[in-house]
Amino acid sequence: MVGLAKDCRSRHPTSQRIFSRAEGVRGAGSSLGHRLAPSWDPEASSSEVAYCEKSRGSWLLVRHGSALQLMQLNNLASTKNGMKKATLVLSLMCLFTMPLLLTNCGPMNPRCPFNLLPIVEIQINSTASNHDDYGSTAGYTSCRARVTNFGAPTFRLPFFELPFGGGKNFPGGVSVELRNSAGSSNLVFSASGGRAAGSPSIFATLPDDGGWLTFYVKGTVTNAVDKTASVEMATAGATCNEVVLARKAMMVPPGAPPIPAAPSRPRVEIEVASVSTLDDYITWAPVSCQIRWADGAAPSTLNITLQNMSGTDRLRFADSSLGGGATATNAILPLTLNGDGSWVTFYIAGNYNNASLNDKDAVMEVIDGSTNSLLSREGVMVRIRKNANNLTTAESDVDLEALKKWDLTYNDYTDFVKTHSRNSTGSNTVAHRQAHRGSAFLPWHRAFILHIERLLQAADPSVALPYWKFDDNAPNMFTPDFIGSNSPGNNYVTLAAGNPIVSWTLPGEGVAVGIQRQTPYGDGGHPALATELATLGLGSPGFTYAGFKNSEPDPHDPAHFRSGQISWIGPDPSLAVRDPLFFFLHCNVDRLWAKWQWTRTRYTITDVNVYDLQGSYVSPAPGVAGPAFTVVNGTITANRTLGQYADDTMWPWDNVKGGSPATAERPDIAILAPFPTTLAASSPSAKPTVKSVIDYLGITNTSPASGLGFGYDDFFPY
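In what follows, the accompanying structure is described. Keep in mind that this is a model prediction, so the values were computed, not measured. (Residues numbered from 1 in each chain as written. Predicted model: local features only at pLDDT ≥ 70, side-chain atom pairs only at ≥ 80, totals over all residues. Heavy atoms only, no water.)

1. A look at the packing of helix 7 (residues 441-459) against helix 12 (residues 581-600)
Step number 1: At their nearest, the axes of helix 7 and helix 12 sit 10 Å apart, and the two run at 125° to each other. Considering the angle they form, helix 7 stands oblique to helix 12. Relative to helix 12, helix 7 is oriented so that their crossing is left-handed. Residue-level inspection shows Phe 441, Leu 442, Pro 443, His 445, Arg 446, Phe 448, Ile 449 and Ile 452 of helix 7 in contact with helix 12, the latter providing Phe 582, Phe 583, His 586, Cys 587, Val 589, Asp 590, Trp 593, Ala 594 and Gln 597. (Axes fitted to C-alpha atoms, helices over the stretch in contact; angles between N-to-C directions. Helix = DSSP H or I, 4+ residues; strand = E, 2+ residues; numbered from the N terminus. Parallel < 35°, antiparallel > 145°, perpendicular 65-115°, else oblique. Left-handed = near helix turned anticlockwise from the far one by under 90°. Contact = heavy atoms within 4.5 Å.)

Written out as structure tokens, the structure reads:
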């Protein structure tokens, strides 16, 4: 391994911590490590040990051939100092010292968001089928949960093996909290059931060998609608940013369950994307699902129909013949299941103009084709970015609570503040030009807002960033109960006492509690700028990206600047992210780009009309201007630096810092690296390129794809 480590990355679906040999080890994996896809270099042949550290802990990576194992180290001060100074710790003899080190190695806790996280399956009534996902107020319902990615590879040497962690990803088990989902108190939990009083939440440990944890739930009230109660599981423990691992929908009916538990009724099992519930969040793009007849071997087949539960109509269906660039559009879908229990593939997508209002309110039903009886129900969410002015109070509260958690509880929001046009000492033009006044303005900010959205979703999976449609009035948005209203006499907005962000705090920024913003255009929130219609016309007559990227000076700039000279959101990019309104503003900038892509069919990433700077900084495509960077009177007039070309990786997620010449220089920090990749959307990678965020729906894929996991409420791009 050359040099000290630079990049510790953990990736799913192999559920193993695999790291890039060529780049070494940096010590922190993805913020949502359990949802990452595999990427590693198996070509190395020698045995190596590398040390890396971060403020949250010290780490040791050991490799022999293609096998790698990362361990968190405790109390290794003397060993650490020696290893830290080394540039190479590369020999088989080094591996034989590992048993001595292991005496000081603590268990690999699932410290979020920097380590591998468990993928969890939850079963109501302890069955994989959903036919019995019903509880009662009279007594407890037995449930169970398990970790599905519990196994870690044993580290083998030529003559013996070292079973680091006992061959387990989570030695000692995973500490979790079982509770109601946010804003709900429908259930109480117990570790023993019986006559126990129950509690709104309980703490437990998931076995480290994939064994089942049994727990019990009881309703406090009955539900009029199916899937309106949820069992939520989150990580627990002082060393971990609390992350939701599962959210399983159920119902406490006022009488008999909607699906009778008759033994003669066929049982079916459904998986939306995977056995985990964390990928049960869909957009307008298709998501692959599977269903099977789970009663065991049978000589016959079972004809079923998939449909929406009455009163919902949020889902659309397609069979396995669905092609690339298309989405599910059928209101009902007939399928035939085999008696041998084999899986049958189908697709679901959101029904345009009917996105979810709450988690799990998009409910699919399985109907027996011969008896017309209800066999199963599964709740998911059509999670779409919406106009902030049109959100319900419940929807806006979900967003604000998640922002509060990442700012006031975890103090991680300032990482975004420090990244946008900053370096370690403050405002910096090198950081500024990575994201502004160049072709990468739109893709960079698409990645930036997607990054924080995925972190917010770790706190609450139902979060979708709203957008501020800044060419319209937004009276419902600029209120004390939402994003804040004008405060006469000072420069801080008025926030209601019950607003989750009323104590908005930015540690290390040296500013008072609150949000500094003037709104001279009034609480209606309508600055004078280019209209949406005018913006979508940019680049005419050929509608090229080279023309559309002029949406940065207008409407983007006026939306920032006309909030007042001393507002955080205003003219200084190094301060703009202090105001959470920044992400609502840029969500709208991204929506305009996405809408332009849709109206002009601009998805093919190799097309110069889709993105003008093809190739890479080192090797521009033929006919594309090579690297240039010019400033006239303090204004950037040309910005073709490293990070602006389609094949370039984007700072800060690529963890490239410093360098020369100026056209290849990066800031001296990269605190947001790597990019979080979720179970629901494996793209972009931990080191996204500019082109990897352009086709955000996977329109150009040859097979159906869910894209980057977001969509907008005002257009249907299929």
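2. Overview of helix 7
Step number 1: Taking 1.5 Å of rise per residue, 19 residues should cover 27 Å, and helix 7 covers 28 Å from first to last C-alpha, within 8% of that figure.
Step number 2: The element helix 7 is extensively covered by neighbouring structure, given that 19 of its 19 residues are classed as buried. (Expected span 1.5 Å × (residues − 1). Buried < 20%, exposed > 50% of the residue type's maximum accessible area, 1.4 Å probe, protein only.)

3. Thoughts on the sheet that holds strand 10 (residues 201-206)
Step number 1: Taken in spatial order, the four strands line up as 10-8-12-13 in an open sheet, and their pairing is antiparallel. Of all the strands in the sheet, just strand 10 and strand 13 (244-250) have a single pairing partner and so form its edges. The average angle at which neighbouring strand axes cross in this sheet is 25°, direction not considered.
Step number 2: Two elements, strand 8 (residues 174-180) and strand 12 (residues 229-235), share five bridges in a ladder whose sense is antiparallel. By the bridge assignment, Glu 177 is partnered in strand 12 with Ala 234. (Pairing = 2+ DSSP bridges.)

4. Some thoughts on the packing of aromatic side chains
Step number 1: Inspection of the entire model under this criterion finds 27 aromatic pairs.
Step number 2: Taking the centre distance of 5.8 Å and the plane angle of 90° together, the rings of Trp 468 and Phe 470 count as edge-to-face. Here Trp 468 and Phe 470 have matching classes, each one buried.
Step number 3: Aromatic ring contacts, followed pair by pair, group Tyr 413, Phe 416, Trp 444, Phe 448, Trp 504, Phe 582, Phe 583, Trp 653 and Phe 675 into a single cluster.
Step number 4: When the ring centre of Phe 710 is taken as origin, the NZ or CZ atom of Arg 385, which lies over that ring, is 4.0 Å away. (Phe/Tyr/Trp six-rings, centres within 6.5 Å; stacked < 30°, edge-to-face > 60°. Lys NZ or Arg CZ within 6 Å of the ring centre and 35° of its normal.)

5. Here's the deal with the pairing of strand 11 (residues 213-219)
Step number 1: Of all seven residues that make up strand 11, five are buried, and the element is covered over most of its length.
Step number 2: With five bridges connecting them, strand 5 (residues 141-147) and strand 11 associate as antiparallel partners. Across the sheet, the residue bridging to Ser 142 is Tyr 216, located in strand 11.
Step number 3: Alignment of strand 9 (residues 187-190) against strand 11, held across four bridges, turns out to be antiparallel. In the sheet register, Leu 187 faces strand 11, and the bridge partner there is Gly 219.

6. Considerations on the pattern of salt bridges
Step number 1: Following the criterion strictly, the structure yields 36 salt bridges and no others.
Step number 2: Taking the shortest distance from any N to any O, the salt bridge between Asp 714 and Lys 595 comes out at 2.9 Å. Highlighted residues: Asp 714 in the segment after strand 26 (635-640) and Lys 595 in helix 12, separated in sequence by 119 residues.
Step number 3: Given a relative accessible area of 24%, Asp 714 falls into the partly exposed group.
Step number 4: Here the salt bridges share partners, and the residues they tie into one network are Glu 177, Arg 179, Glu 232, Glu 242, Arg 247, Asp 359, Lys 405 and Asp 460. (Salt bridge = Lys/Arg side-chain N within 4 Å of Asp/Glu carboxyl O.)

7. Observations concerning the nonpolar core
Step number 1: Residues Phe 215, Val 231, Trp 468, Met 477 and Phe 583 are the most contacted members of the largest nonpolar core, which totals 120 residues.
Step number 2: Considering each element in turn, this core owes the most residues, twelve residues, to helix 7.
Step number 3: With near-sequence residues (within four places) excluded, Phe 215 lies in contact with Ile 122, Thr 141, Ser 142, Cys 143, Arg 144, Ala 145, Leu 178, Phe 189, Ser 190, Ile 202 and Val 231.
Step number 4: Within the second largest apolar cluster, 28 residues are counted, among which are Val 287, Ile 304, Leu 337 and Val 344. (Core = buried A, V, L, I, M, F, W, Y, C linked by side-chain atoms within 4.5 Å.)

8. As for the environment of Glu 401
Step number 1: In this fold, Glu 401 is placed in helix 4 (residues 393-409).
Step number 2: By relative accessible area, Glu 401 is classed as partly exposed at 42%.
Step number 3: Remark: the alpha-carbon pair of Glu 401 and Asp 460, spanning 59 residues in sequence, is separated by 8.7 Å.

9. Notes on the environment of Leu 322
Step number 1: Considering the arrangement of structural elements, one finds Leu 322 in the loop between strand 18 (315-319) and strand 19 (333-338).
Step number 2: Given a relative accessible area of 14%, Leu 322 falls into the buried group.
Step number 3: Along the primary structure Leu 322 and Pro 286 are separated by 36 residues, whereas in three dimensions their C-alpha atoms are 9.0 Å apart.
Step number 4: Not counting chain neighbours up to four residues away, the residues in contact with Leu 322 comprise Pro 286, Thr 327, Ala 328, Tyr 347 and Pro 704.

10. Digging into the pairing of strand 12
Step number 1: In terms of burial, strand 12 is a largely internal element, seven of the seven residues being buried.
Step number 2: Burial along strand 12 is two-sided: the face carrying Ala 229, Val 231, Met 233 and Thr 235 and the face carrying Ser 230, Glu 232 and Ala 234 are both buried.
Step number 3: The sheet contact formed by strand 12 and strand 13 spans six bridges and is antiparallel. By the bridge assignment, Glu 232 is partnered in strand 13 with Arg 247.

11. Remarks on the packing of helix 4 against helix 7
Geometrically, a packed helix pair is captured by the angle between its two axes and the distance between the axes.
Step number 1: Following both chains from N to C, one finds helix 4 and helix 7 inclined at 100°, their axes separated by 9 Å at the closest point. The orientation of helix 4 relative to helix 7 falls into the category roughly perpendicular. Each of Ala 402, Leu 403, Lys 405 and Trp 406 in helix 4 lies in contact with helix 7, whose residues at this interface are Leu 455, Leu 456, Ala 458 and Ala 459.

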